[in-house]
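So you can see what is in the structure, the chains are spelled out below.
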Protein chains: 2
Amino acid sequence: MALGKDYATQECSIARALEIVGERWTLLVVRDALYGVRRYNDFLVHLGAPRAVLAARLQTLTSEGILEKRRYQESPPRDEYVVTERGIALWPTLRALGLWGREHFGEEQLRCFRHADCGTELGPYGECPACGTIVPVRDVLMVPGPGLDPDPADPVSRALLRPKRLLQPLEIDPA
Amino acid sequence: MALGKDYATQECSIARALEIVGERWTLLVVRDALYGVRRYNDFLVHLGAPRAVLAARLQTLTSEGILEKRRYQESPPRDEYVVTERGIALWPTLRALGLWGREHFGEEQLRCFRHADCGTELGPYGECPACGTIVPVRDVLMVPGPGLDPDPADPVSRALLRPKRLLQPLEIDPA
DNA sequence: CAGATGGGTTCATTCACCGAACCGAGGATG
DNA sequence: CATCCTCGGTTCGGTGAATGAACCCATCTG
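Conventions adopted
- Residues numbered from 1 in each chain as written.
- Chains lettered and ligands numbered in written order.
- Predicted model: local features only at pLDDT ≥ 70, side-chain atom pairs only at ≥ 80, totals over all residues.
- Heavy atoms only, no water.
- Near = heavy atom within 4 Å.
- Polar contact = N/O pair within 3.5 Å; in protein donor to acceptor, adjacent residues only side chain to side chain.
- Helix = DSSP H or I, 4+ residues; strand = E, 2+ residues; numbered from the N terminus.
- Nonpolar A, V, L, I, M, F, W, Y, C, P; charged D, E, K, R; others polar.
- Contact = heavy atoms within 4.5 Å.
- Buried area = accessible area lost by both parts, 1.4 Å probe.
- Salt bridge = Lys/Arg side-chain N within 4 Å of Asp/Glu carboxyl O.

Visitor: How do you make sense of the protein's contact with DNA strand D when you look at a structure like this?
Guide: A:Trp25, A:Arg57, A:Ser75, A:Pro76 and B:Arg51 are the nearest of the 21 residues found near DNA strand D. Among all atoms of DNA strand D positioned within 4 Å of the protein, those belonging to sugar or phosphate total 71%. Between DNA strand D and the protein, one listed contact pairs a phosphate oxygen with a backbone N or O atom of A:Ser75 at 2.4 Å. With respect to DNA strand D, the side chain of B:Tyr81 contributes an N or O atom lying 2.9 Å from a phosphate oxygen. Elements that contribute at least two residues to the surface near DNA strand D include exactly α4 (51-63) of chain A together with α3 (40-47), α4 (51-63) and β2 (78-83) of chain B. Along the lines of polarity and charge, the residues of the surface near DNA strand D split into eleven nonpolar, two polar and eight charged.

The structure is reproduced here in structure tokens:
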């Protein structure tokens, strides 16, 4: 966690994980990356985090192999941050955390996750109750739930209103 | 999260969850509570967190209904912090996080979780592969894995070496 | 050429974390 | 009955991270 006192004495994989993704904003960056956000500016707009903090987080996530920075156009040179397998592997954690948050502190469902192949809503562990299998992240379809603001201010949130598969790059309409 | 900028604009259950359990040390306190730690001093010794921070976290966790503070003896008056159902519901999150940490950053397994009824090691979602059911947290048996230091310095870590069920109050030997 | 865009860096302020010291109630010890 | 010890904190000065606003620079666009 790169603070004065780290979790080094902990001898625990949870602590080790938190050293990497336990800092403020980090898990939300990964969440957005799974939702298909890839560009610095889109993260910035959607998260509302300070620019310096975002830059630092993208840096660490990249060096830890959770995101990958890659050039997607020359002239002007532009990079995007794409989530790797290691980042995708955080999906069960984020799923569990989101479920806990909704069940204990949220009223309405904000986002709904379905098995893209059959349309069934995912169970608590990311499994498809109909097919009886764990749904790969690429086959998860995210659709807005009833509690979500239907007309958000920022274009990234607007783009996230459209049903889309996880990991699919986000398409922002010029609007 | 009670910082200058909170996650309020996020409209997301993950962000809401992180506002509550996303601060430094918080998830480790919950982890210890699930492991059976209940007393201020035991948390202190095992975590190595600053006293003020620990007190603050126990306070928030209690007011959020994740721990419950209760008198377990008069004279001298002593309280313990017992994890509630809401706290127990964080088990899937911690399980997923620990698994991710071990698979991607740990070498050896530090702790092993088994179905107490049949001894089978839990699957990634906390299910028993033999029985085919999700194992209730109370029926999870925690045993030390090969990577765990067999002779730790503090008495809490030593007590956690003995196989024990989750939630079962920790017994520290006087030693 | 002026302005916009994308992706940052710099900087002063604020705030949380840190560790050490202190504190008070209530046994235990001699 | 004076002292020490334990438990569960609080207080406090110092440090380092987060914040938000400003600035920067290369490249398009009009």
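Read on, since the account is not over.
Visitor: What is the right way to look at the interface of chain A and chain B in this model?
Guide: Often, the extent of an interface is quoted as the loss of accessible area on bringing the components together. The partner chain B presents 51 residues to the 51 residues of chain A that form the contact. For the pair chain A and chain B, the two sides together bury roughly 4,800 Å², of which 64% comes from carbon and sulfur. Counting the surface chain A buries against chain B, the share from its top three residues, A:Arg24, A:Trp100 and A:Tyr125, is 16%. One can count one salt bridge joining chain A with chain B. The shortest N-O distance in the salt bridge between A:Glu107 and B:Arg16 comes to 3.0 Å. For the pair chain A and chain B, the number of links is nine residue pairs in polar contact (both at pLDDT 80 or more). Those elements giving two or more residues to the side of chain A that touches chain B turn out to be α1 (13-21), α2 (26-35), α3 (40-47) and α6 (91-105) of chain A. Tallying contributions element by element places α6(A) first for the side of chain A that touches chain B, with eleven residues.

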